[in-house]
Amino acid sequence: SAVISQKPSRDICQRGTSLTIQCQVDSQVTMMFWYRQQPGQSLTLIATANQGSEATYESGFVIDKFPISRPNLTFSTLTVSNMSPEDSSIYLCSVIDRGVGQGSPLHFGNGTRLTVT
Amino acid sequence: QKEVEQNSGPLSVPEGAIASLNCTYSDRGSQSFFWYRQYSGKSPELIMSIYSNGDKEDGRFTAQLNKASQYVSLLIRDSQPSDSATYLCAVIRSGGSNYKLTFGKGTLLTVNP
């Protein structure tokens, strides 16, 4: 499967600031997604990163708070804007590395552990 | 009803025993089902995929799917302490052109030496 590199691996940020998380894949992939995992919780989809167009956000997530870029088929960024302590989570980049077919599972990067103080 | 539900756990089994993890889903049209393992502080790792009714075996792992009952399970035979992790059930919902993989809350498994 594709090798997914995510950075930073962790960060501690002050409230009100922004952090940009980068996701680099070693091969071209059709679909990239950003998930959030809050402490003790499961994974929640933030958005689908669309190459060359605006990301598709899930209910409860908005572009002003979580702007996403995807300039090509191997790279994406997620920015967490105007952070508050409630944004403390693990943020995960994930990809489908085969065809988009309905049966394809997701593979995950190592995640970014964000703490907002 | 939640989209994907798992037995809440935590589940504790002795080394060498069979661990049984269960999952139900609400969308009857779902077609693809996955089990992920997540060690503490790590990202989820795919361990099993299943798409049709019945059993699918891979080493010590067996996934079982019953679409009529909307039920997926994972059996781990000869459990080892290294199997101690959170196991996440994930389902691809059907319909439309959007791909969305929905996760359950996970079941924490502890295998005691």
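What this report covers is the structure whose coordinates are included nearby. Because the structure is predicted, anything quoted here is derived from the model rather than measured.

1. Considering the sheet that holds strand S3 (residues 19-25) of chain B
All names here are of chain B. One open sheet holds the 5 strands; their spatial order is S1-S3-S8-S7-S6, and the pairing between them is antiparallel. Of all strands in the sheet, those with a lone pairing partner are strand S1 (4-6) and strand S6 (54-58), marking the two edges. For this sheet, the mean angle separating the axes of adjacent strands, direction not counted, is 20 degrees. Bridging between strand S7 (residues 61-66) and strand S8 (residues 71-76) involves 6 bridges; their strand directions are antiparallel. Within the sheet, the bridge partner assigned to Thr-62 lies in S8 and is Leu-75.

2. Description of the pattern of salt bridges
This model, assessed by the stated rule, comprises 5 salt bridges over all chains. As a salt-bridge pair, Lys-100 of chain B and Glu-58 of chain A come within 3.0 Å of each other at their nearest N and O atoms. You can see Lys-100 of chain B sitting in the loop between strand S9 (85-92) and strand S10 (101-103) and its partner Glu-58 of chain A sitting in the loop between strand S6 (56-57) and strand S7 (68-72), one on each of two chains. Notably, a salt bridge pairs Arg-37 of chain B with Glu-45 of chain B, separated by 3.0 Å at the nearest N-O pair. Exposure remark for Arg-37 of chain B: the relative accessible area of 13% places this residue in the buried category.

3. Remarks on the environment of Asn-82 of chain A
Residue and element names in this part refer to chain A. Looking at the secondary structure, you find Asn-82 in the loop between strand S8 (75-80) and strand S9 (89-96). Here Asn-82 falls in the exposed class, since its relative accessible area comes to 55%. Between the C-alpha atoms of Asn-82 and Leu-45, which are 37 residues apart in sequence, the distance is 20 Å. When neighbours within four sequence positions are excluded, Asn-82 is seen to be in contact with Gly-16, Thr-17, Ser-18, Lys-65 and Asp-87.

Conventions we followed
Residues numbered from 1 in each chain as written. Chains lettered and ligands numbered in written order. Predicted model: local features only at pLDDT ≥ 70, side-chain atom pairs only at ≥ 80, totals over all residues. Heavy atoms only, no water. Pairing = 2+ DSSP bridges. Helix = DSSP H or I, 4+ residues; strand = E, 2+ residues; numbered from the N terminus. Axes fitted to C-alpha atoms, helices over the stretch in contact; angles between N-to-C directions. Salt bridge = Lys/Arg side-chain N within 4 Å of Asp/Glu carboxyl O. Buried < 20%, exposed > 50% of the residue type's maximum accessible area, 1.4 Å probe, protein only. Contact = heavy atoms within 4.5 Å.

Honestly, that's just the spatial picture; any functional story needs more than this.
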